[in-house]
Amino acid sequence: LEKNFKYSVKFSIEKFKELLSKGLNYSEIARELGVSSSSIQEFASKNGYKSSYHSYSNKEFSEEEFQIFLGGMLGDSSMSIGNTCINARLQFAHSLEQQNYALWKYEKLKRFCANPRIEENLDKRTNKIYKRISIWTKRDPLFTKFYYKFYSNKVKFIDKELFRKIEPLGLAVWFMDDGYKHSNSISIATNCFTTEDIDYMIQTLKEKYNLIFTRTKENIMHLSAKSLELFYNLVIPYIHEDCLYKLKWCSLNS
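As the structure is a computational prediction, the values presented were derived from the model and not from experiment. (Residues numbered from 1 in each chain as written. Predicted model: local features only at pLDDT ≥ 70, side-chain atom pairs only at ≥ 80, totals over all residues. Heavy atoms only, no water.)

**What about the packing of helix 4 (residues 63-74) against helix 6 (residues 141-150)?**
Part 1: The interhelical angle for the contact between helix 4 and helix 6, taken along N-to-C directions, is 35 degrees, at an axis separation of 12 Å. Read as a crossing pair, helix 4 and helix 6 show a hand that is right-handed. Along its contact with helix 4, which presents F66, F69, L70 and M73, the element helix 6 presents F143, F146 and F150.
Part 2: Residue classes in the contact of helix 4 with helix 6 are distributed as 7 nonpolar, no polar and no charged. (Axes fitted to C-alpha atoms, helices over the stretch in contact; angles between N-to-C directions. Helix = DSSP H or I, 4+ residues; strand = E, 2+ residues; numbered from the N terminus. Left-handed = near helix turned anticlockwise from the far one by under 90°. Contact = heavy atoms within 4.5 Å. Nonpolar A, V, L, I, M, F, W, Y, C, P; charged D, E, K, R; others polar.)

Pasting the structure below:
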């Protein structure tokens, strides 16, 4: 008997082509299009497409990309490899109140990224659902190289050589991610790092920028009020409007 089943495409072919050209593999494309991986694989094989699973950027970071990446890794960004994957990828997420800031980082790192997604997360403590914008990069040897400079046994640490390369842009991204007003100055949440790492960062920022930080008993870096104007002048050219509230209270002559 003749087959009476006809395969029908249930996703945008143009969107498929766009995602494939960005280097996403079939599983990542399927997730973006909201269909099964088998649907994507069947369509691709019928139409002569080849998976981009091993298609990498073969490029290094530009200086701007590196500073945004470095500041994010000191802050809210994370990297993962996974049990069945060879290469790492970068992920960062922000609340919808800082959606434009997240999209600014996305635009700066766009050549590495998949499309942003809005996610819902249930906070079990409050039993409320919160929305956030989440951005993942493609897996790439570039991120794998840096993964082992930030993680040991999946625990984040500070690579001293990398941290010494931090510039005002990287410092601004770090502050926008994890900084906040504290008393008459600002603090940066660094309690995910060891005391040794924090002490090294404090020493380096003093030597490089003459910024005076101290470490609190909660492992948080607090900036001396005497260094606030200097810090302000270093980072204010790079502060995104979504994060201006973190420094707006400063009545400084910059």
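**Things to note about the pattern of salt bridges**
Part 1: For the coordinates displayed, the defined rule picks out 11 salt bridges.
Part 2: Residues R117 and E119 are paired through a salt bridge, measuring 3.4 Å at the closest nitrogen-oxygen approach.
Part 3: What makes R117 partly exposed here is its relative accessible area of 22%.
Part 4: Among the residues examined, E119 registers a relative accessible area of 18% and is labelled buried.
Part 5: A salt bridge links E120 to K131; its shortest N-O distance comes to 4.0 Å. A residue pair is termed long-range when its members are at least 10 positions apart, and E120 in strand 3 (residues 117-123) and K131 in strand 4 (residues 128-136) qualify at 11 residues.
Part 6: By relative accessible area, which is 47% here, K131 ends up partly exposed. (Salt bridge = Lys/Arg side-chain N within 4 Å of Asp/Glu carboxyl O. Buried < 20%, exposed > 50% of the residue type's maximum accessible area, 1.4 Å probe, protein only.)

**Let's talk about unusual backbone geometry**
Part 1: Phi at N127 is positive, roughly 60 degrees, even though this residue is not glycine.
Part 2: Positionally, N127 belongs in the loop between strand 3 and strand 4.
Part 3: Notably, N219 is not glycine yet its phi reads approximately 65 degrees, a positive angle.
Part 4: Relative to the assigned elements, N219 resides in the loop between strand 9 (213-215) and strand 10 (221-223).

**Concerning the nonpolar core**
Part 1: Among the nonpolar cores identified, the biggest contains 59 residues, and F69, M79, W174 and L205 are the most heavily contacted of them.
Part 2: Discounting chain neighbours no more than four positions away, the residues touching M79 are F69, M73, R89, L90, F143, F146, Y147, F150 and Y151.
Part 3: With 13 residues, the next largest nonpolar core counts F16, A30, L33 and F43 among its residues. (Core = buried A, V, L, I, M, F, W, Y, C linked by side-chain atoms within 4.5 Å.)

**Digging into the packing of helix 4 against helix 5 (residues 99-108)**
When two helices pack together, their arrangement is given by the angle between the helix axes and by the axis-to-axis distance.
Part 1: In contact at an axis separation of 10 Å, helix 4 and helix 5 are set at 140 degrees when each is read in the N-to-C sense. The angle between the axes of helix 4 and helix 5 places the two elements in the oblique class. The two elements helix 4 and helix 5 cross, and the hand of that crossing is left-handed. Between helix 4 and helix 5, the contacting residues are E64, E65 and I68 on the first element and W104, K105 and K108 on the second.
Part 2: A breakdown of the residues in the contact of helix 4 with helix 5 according to their chemical character gives 2 nonpolar, no polar and 4 charged. (Parallel < 35°, antiparallel > 145°, perpendicular 65-115°, else oblique.)

**Quick look at the packing of aromatic side chains**
Between two aromatic rings, the relevant description is the distance of the centres plus the angle of the planes.
Part 1: Under the counting rule described, the total for this entry stands at 18 aromatic pairs.
Part 2: Ring geometry for F61 versus F112: centroids 5.4 Å apart, planes at 70 degrees, classification edge-to-face. Of this pair, F61 sits in the loop between helix 3 (37-46) and helix 4 while F112 sits in the loop between helix 5 and strand 3, and the two are 51 residues apart along the sequence. Exposure class is identical for F61 and F112. Each is buried. (Phe/Tyr/Trp six-rings, centres within 6.5 Å; stacked < 30°, edge-to-face > 60°.)

**With respect to helix 3**
Owing to its 3.6 residues per turn, the α-helix aligns residues three or four sequence positions apart on the same side.
Part 1: Along helix 3, the residues that are buried comprise I40, F43 and A44. Projected down its long axis, helix 3 shows its buried positions confined to an angular sector of 100 degrees, all on one face. Residues of helix 3 that are exposed and point more than 90 degrees away from the buried face comprise S45 and K46.
Part 2: Just downstream of helix 3 lies G48, where phi reads positive at about 75 degrees. (Arc of directions from axis to C-beta.)

**Here we look at the sheet that holds strand 2 (residues 89-95)**
Part 1: The strand order across the open sheet built from 4 strands is 1-2-4-3, with neighbouring strands paired in antiparallel fashion. In this open sheet, the two strands that pair with only one neighbour each are strand 1 (78-80) and strand 3. Neighbouring strand axes in the sheet, compared pairwise and without regard to direction, differ in orientation by 40 degrees on average.
Part 2: As judged from the 7 bridges shared by strand 3 and strand 4, these two strands associate in the antiparallel manner. Residue D123 lies in a different strand from strand 4, and its bridge partner there is K128. (Pairing = 2+ DSSP bridges.)

As far as function goes, none of this settles anything; it's purely spatial.
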